[in-house]
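Here is how the chains run, residue by residue.
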Amino acid sequence: MIRPNLGWRSVAVLSAACMALAACGDNKGDSPKAGATSGAAAAGDGVLKIGTILPQTGSLAFLGPPEFAGVDVAIKEINDNGGVLGKPVQIQHMDSGDTSTDIATQSVNKLLTDKTDVIIGAASSSVSLTVIDKITGAGVVQISPANTSTAFTTHNDKGLYFRTAPPDTLQGRVLGDLIVQDGNAKVGMLVLNDSYGVGLAENAKKEIESGGGEVVKSITYDPKAADFSTEVDAIATANVDAIAIIGFDESKKIVPKLVEKGLKSKKWYFVDGNIADYSKDFQAGTLTGYKGTQPGAEAKQDFKTRLLAINKDLKDFNYAVESYDATILAALAAEEARSDNPAEIAKHLITVSKDGEKCTDYKQCLDLLKAGKNIDFDGRSGPISFNEAGDPAEATIGVYTYGADNKLTPEVKYQTGKI
């Protein structure tokens, strides 16, 4: 289950052997992310402290359980294999809320006060944009497992912001191509009015138009609106073949309006912000055959088993692999840097993700580092290979279909592409 703030805790370490700092190879030198800071953060204290700001409440709360579980699976794996710098990694989970609250800022303040080295989160791009300057301004590393807004690629983050989810240039291409390939000539869009929604819609529109389709109506909306009748009426009068719903939890209010307007004959498309289990929300058959896109590689059954051991009530696995990868990468970067100083971790996040000997789990990568090897961590979400902007250079998008029970069917198509 999602935990409230429990303070710092250490997962039990099975091996008490101390990993001597000199044994961790660092043949890559100091190839930092462009603009990486070196003086804002205090020197490391020898203990890697990771904090999370992920949604326990708010419009993306359904994403919280798999993300927290992904982090915790990684923490257990790291600490079961000796921790980082010979000591257990400490983890503190905090709520990110959403942009209707100030929860994320309060959580970040607490983590900074507690001298956190790496903050994982937020899930929402808009939430991250409210705290990124506070985090990076304090000289702390931020790694999001789910931010997809293109705004982060050029944000002045002092070289301290990274993400394991791809920017929406890729999801937009896959979504737009899917809509066109399904034979839709005229498309309507209902778009959440924030950096995520608008950015994803723009990228999807480019792909639709390059494929010969047309976005005849695109309407941005306030997610806090009590009713979406006006927006749905505008889509209904546009005589479209397909409707892309690019939003969050408010989609539960939009879908019934689409049904009321007799728009079930149109093809509907969801995105990562609202592609969820709706079996308890809508009448059976409401979403049958409708599709959606979700950044991220498939969570394999062996990994799902590990996630369920952390949280037996998991229903969705969205961004679990990206959360796991973010945590493993932070630990490996600290090991390669031989320091938990955030500035040093930032320098090594790129180098542990590419241009070395391939490894796919913490122990394998750690053994290579201890042997003085350069490593290239290929994670559960893909090869990652951070570029100078802190974005993964390559990523995977899944294309999902809803069944009659309003759940996503097991048959999923995955498309991998360059960013």
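What you see is a predicted model, and the numbers here were worked out from it, not measured in a lab.

1. Observations regarding the packing of helix α1 (residues 64-80) against helix α9 (residues 320-337)
Stage number 1. Two elements in contact, α1 and α9, have axes separated by 7 Å at closest approach and are oriented at 35°. For the pair α1 and α9, the sense of crossing is right-handed. Seen from α1, the contacting residues are P66, E67, G70, V71, V73, A74, I75, E77 and I78; seen from α9, they are A320, S323, Y324, T327, I328 and A331.
Stage number 2. In terms of residue class, the contact of α1 with α9 is built from ten nonpolar, three polar and two charged.

2. Here's the deal with the pairing of strand β10 (residues 267-270)
Within a regular strand, the side chains alternate between the two sheet faces.
Stage number 1. Pairing of strand β9 (residues 242-246) with β10 involves three bridges; the strand directions are parallel. Bridged to I243 within β10 is W268.
Stage number 2. With helix α7 (residues 251-260) bridging β9 and the parallel β10, this β-α-β connection has right-handed handedness.
Stage number 3. Looking at chain direction, β10 and strand β11 (residues 291-295) are connected through two bridges and run parallel. Its bridge partner lying in β11, Y269 is registered against K291.

3. Remarks on the nonpolar core
Stage number 1. In this structure, L190, I243, L258, F270 and L287 are the most contacted members of the largest nonpolar core, which totals 56 residues.
Stage number 2. Non-local contacts of L190, meaning those with residues more than four positions away in its chain, are made with I219, Y221, E231, V232, I235, I243, A244, I245, I246, I254 and L258.

4. A look at the pattern of salt bridges
A side chain of one charge can pair with a side chain of the opposite charge when the charged atoms of the two come close.
Stage number 1. With the rule as written, the count across this model stands at 19 salt bridges.
Stage number 2. Among the salt bridges present, the one from K358 reaches D376, with a minimum N-O distance of 2.9 Å. Here the residue K358 occupies a position in strand β12 (residues 357-359), and D376 occupies one in strand β13 (residues 375-377), the gap between them amounting to 18 residues.
Stage number 3. Between D367 and K363 there is a salt bridge, with its nearest N and O atoms 2.9 Å apart. Here D367 pairs with K363, and both are found in helix α11 (residues 362-370), just four residues apart, close to one helical turn.

5. Some details on the state of the cysteines
Stage number 1. Scanning the model with the defined rule gives one disulfide in all.
Stage number 2. The side chain of C359 participates in a disulfide bridge whose partner is C365; the two sulfur atoms lie 2.1 Å from each other. Across the disulfide from C359 to C365, rotation about the S-S bond amounts to roughly 105°, and the bridge is consequently right-handed. Here C359 matches C365 in class, with each residue buried.

6. Section: the environment of G86
Stage number 1. Along the chain, G86 falls in the loop between α1 and β3 (90-95).
Stage number 2. Sequence separation between G86 and V47 is 39 residues; the distance between their C-alpha atoms is 8.7 Å.

Reading guide: rules and limits
- Residues numbered from 1 in each chain as written.
- Predicted model: local features only at pLDDT ≥ 70, side-chain atom pairs only at ≥ 80, totals over all residues.
- Heavy atoms only, no water.
- Axes fitted to C-alpha atoms, helices over the stretch in contact; angles between N-to-C directions.
- Helix = DSSP H or I, 4+ residues; strand = E, 2+ residues; numbered from the N terminus.
- Left-handed = near helix turned anticlockwise from the far one by under 90°.
- Contact = heavy atoms within 4.5 Å.
- Nonpolar A, V, L, I, M, F, W, Y, C, P; charged D, E, K, R; others polar.
- Pairing = 2+ DSSP bridges.
- Right-handed = clockwise from strand over helix to strand, strands pointing away.
- Core = buried A, V, L, I, M, F, W, Y, C linked by side-chain atoms within 4.5 Å.
- Buried < 20%, exposed > 50% of the residue type's maximum accessible area, 1.4 Å probe, protein only.
- Salt bridge = Lys/Arg side-chain N within 4 Å of Asp/Glu carboxyl O.
- Disulfide = S-S within 2.5 Å.

All quantities given are derived from atomic positions and should not be read as evidence of function.
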